[in-house]
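Each chain, letter by letter, is given below.
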Amino acid sequence: MANRQEGLIHLYVGDGKGKTTAAMGLAVRAKGAGKRVLVAQFLKGQPTSELGPLKSLGIDVIRTEEMKKFVFQMDEEELAAARQNCRAVLGRVREAVEGGEYDLFVLDEVVDAVNVKLVDSKELLSILSGRAKDAEVVMTGRNPGEDLVEAADYLTMMTALKHPYQRGIQSRKGIEF
């Protein structure tokens, strides 16, 4: 079997913990192999513990601005601002894809941004189809649509069989964020 050098698309999805963790682990692995990495985080404007180490390794990170509410709690004005915010991040991803400057694109929570209609899946897939032949893509989130599943080469499902939230344990810095 030939060693394929074509870039593939990974989908890390589900209701369980580990989607972002797996994506960030792959970003670090790729950087360690000398690859150029861009992490684009959608719907995650609040500070999270992976940012400092990623940046110190030379991994470029772009993110949406902090959102003070979940999308389902937003009024029309807040939704319009969130949509504009996500579109700005997607625009920066488009520029990076067109510029051919990265070997790995991690699009964290982009599946959820598609699900709440802050990002259009057809536009997203169109952007990704223009990437360099050997550029890898990781997308994370919950409940991907058929078009994203069809485009994926890897589909990894994280399933919550047991989680500390069920016992009332809140998110812990350095573990969940």
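Above: the structure in question.
For clarity, every value in this text was computed on a predicted model and none was experimentally measured.

> Explanation requested: the overall build of the protein chain in the structure shown.
Check the secondary structure of the protein chain and you find six helices and six strands. The linear arrangement of helices and strands in the protein chain, starting from the amino end, is β-α-β-α-β-α-β-α-α-β-α-β. The C-alpha radius of gyration computed for the protein chain amounts to 16 Å, which stays within 12% of the reference 16 Å derived for 177 residues, consistent with globular compactness. For the C-alpha atoms alone, the extent of the protein chain along its principal axes is close to 50 × 35 × 35 Å. Summarising the internal contacts of the protein chain: among those between residues at least 6 apart in sequence, 72% fall at separations of at least 24. Within the structure as shown, the protein chain displays about 10,200 Å² of accessible surface, and the carbon and sulfur contribution to it stands at 51%. Looking at the protein chain, you have 25 positive and 26 negative side-chain charges, and the mean spots of the two groups are 6 Å apart.

> Explain helix α5 (residues 121–129) to me, please; I cannot follow it from the model alone.
An α-helix turns once per 3.6 residues; consequently, residues spaced three or four apart project the same way. What α5 keeps buried is the set Ser 121, Glu 123, Leu 124, Leu 125, Ile 127 and Leu 128. Residues of α5 that are buried in the fold lie against α3 (76–99), β4 (104–108), α4 (110–115), β5 (136–141) and α6 (146–151). For α5, the capping residue at the N-terminal end is Asp 120, with a side-chain oxygen 3.2 Å from the backbone nitrogen of Lys 122.

> It is not clear to me how the packing of aromatic side chains should be interpreted in this structure. Could you clarify?
Remark: the centre distance and the inter-plane angle together describe each pair of aromatic rings, the angle taken between the planes. Following the criterion strictly, the structure yields two aromatic pairs and no others. Measuring from ring centre to ring centre gives 5.7 Å for Phe 70 and Phe 72, while their planes differ by 5°; the resulting arrangement is stacked. For Phe 70, a relative accessible area of 57% corresponds to the exposed category. For the ring pair Tyr 102 and Phe 105, a centre distance of 5.8 Å and an interplane angle of 65° mean the geometry is edge-to-face.

> What should I look at first to understand the nonpolar core in this one?
Grouped burial of nonpolar side chains is what soluble globular proteins tend to show. Ranked by internal contacts, the top residues of the largest apolar core, which has 36 residues, are Phe 42, Phe 105, Leu 107, Val 110, Val 119, Leu 124 and Met 139. Breaking this core down by element, the ones donating at least two residues are β1 (9–13), β2 (37–41), α3, β4, α4, α5 and β5. Per-element tally for this core: the top contributor is α3, with eight residues. Contacts of Leu 124, omitting those with residues within four sequence positions, involve Leu 90, Leu 107, Val 110, Val 114, Val 119, Met 139 and Leu 148. Within the second largest apolar cluster, 15 residues are counted, among which are Ala 23, Leu 26, Leu 54 and Ile 59.

> What is the right way to look at a negative patch on the surface in this model?
A contiguous patch of negative charge on the surface is contributed by Asp 60, Glu 95, Glu 98 and Glu 101. Considering the arrangement of structural elements, one finds Glu 98 in helix α3.

> It is not clear to me how the sheet that holds strand β6 (residues 154–157) should be interpreted in this structure. Could you clarify?
Strands belonging to one sheet form pairs held by backbone hydrogen bonds; the direction of such a pair is parallel or antiparallel. Pairing in this open sheet of six strands is parallel, and the strands run β3-β2-β4-β5-β1-β6 from one edge to the other. The open sheet is flanked by β3 (60–63) and β6, the only strands paired with a single partner. Along the sheet, successive strands turn relative to each other by an average axial angle of 15°, direction set aside. Summarising the sheet, β1 and β6 pair through four bridges and their orientation is parallel. Bridging from a neighbouring strand, Tyr 12 pairs with Thr 156 of β6.

> Please clarify how the environment of Ala 23 should be interpreted in this entry.
By secondary structure assignment, the location of Ala 23 is in helix α1 (residues 19–32). Under the relative-accessibility criterion, Ala 23 is labelled buried at 0%. In this structure, the C-alpha to C-alpha distance between Ala 23 and Tyr 12, residues 11 residues apart in sequence, is 7.7 Å. Residue contacts for Ala 23: discarding those within four places in its chain leaves Tyr 12, Val 106, Val 138 and Thr 140.

Criteria and thresholds
Residues numbered from 1 in each chain as written. Predicted model: local features only at pLDDT ≥ 70, side-chain atom pairs only at ≥ 80, totals over all residues. Heavy atoms only, no water. Helix = DSSP H or I, 4+ residues; strand = E, 2+ residues; numbered from the N terminus. Rg over C-alpha atoms; globule rule 2.2 N^0.38 Å. Contact = heavy atoms within 4.5 Å. Areas by Shrake-Rupley, 256 points an atom, 1.4 Å probe, with all protein chains shown as cover. Lys, Arg positive; Asp, Glu negative; His and termini not counted. Charge placed at Lys NZ, Arg CZ, Asp CG, Glu CD. Buried < 20%, exposed > 50% of the residue type's maximum accessible area, 1.4 Å probe, protein only. Polar contact = N/O pair within 3.5 Å; in protein donor to acceptor, adjacent residues only side chain to side chain. Phe/Tyr/Trp six-rings, centres within 6.5 Å; stacked < 30°, edge-to-face > 60°. Core = buried A, V, L, I, M, F, W, Y, C linked by side-chain atoms within 4.5 Å. Patch = residues over 30% accessible without salt bridge, like charges linked within 9 Å, V, L, I, M, F, W, Y side chains within 5 Å. Salt bridge = Lys/Arg side-chain N within 4 Å of Asp/Glu carboxyl O. Pairing = 2+ DSSP bridges. Axes fitted to C-alpha atoms, helices over the stretch in contact; angles between N-to-C directions.

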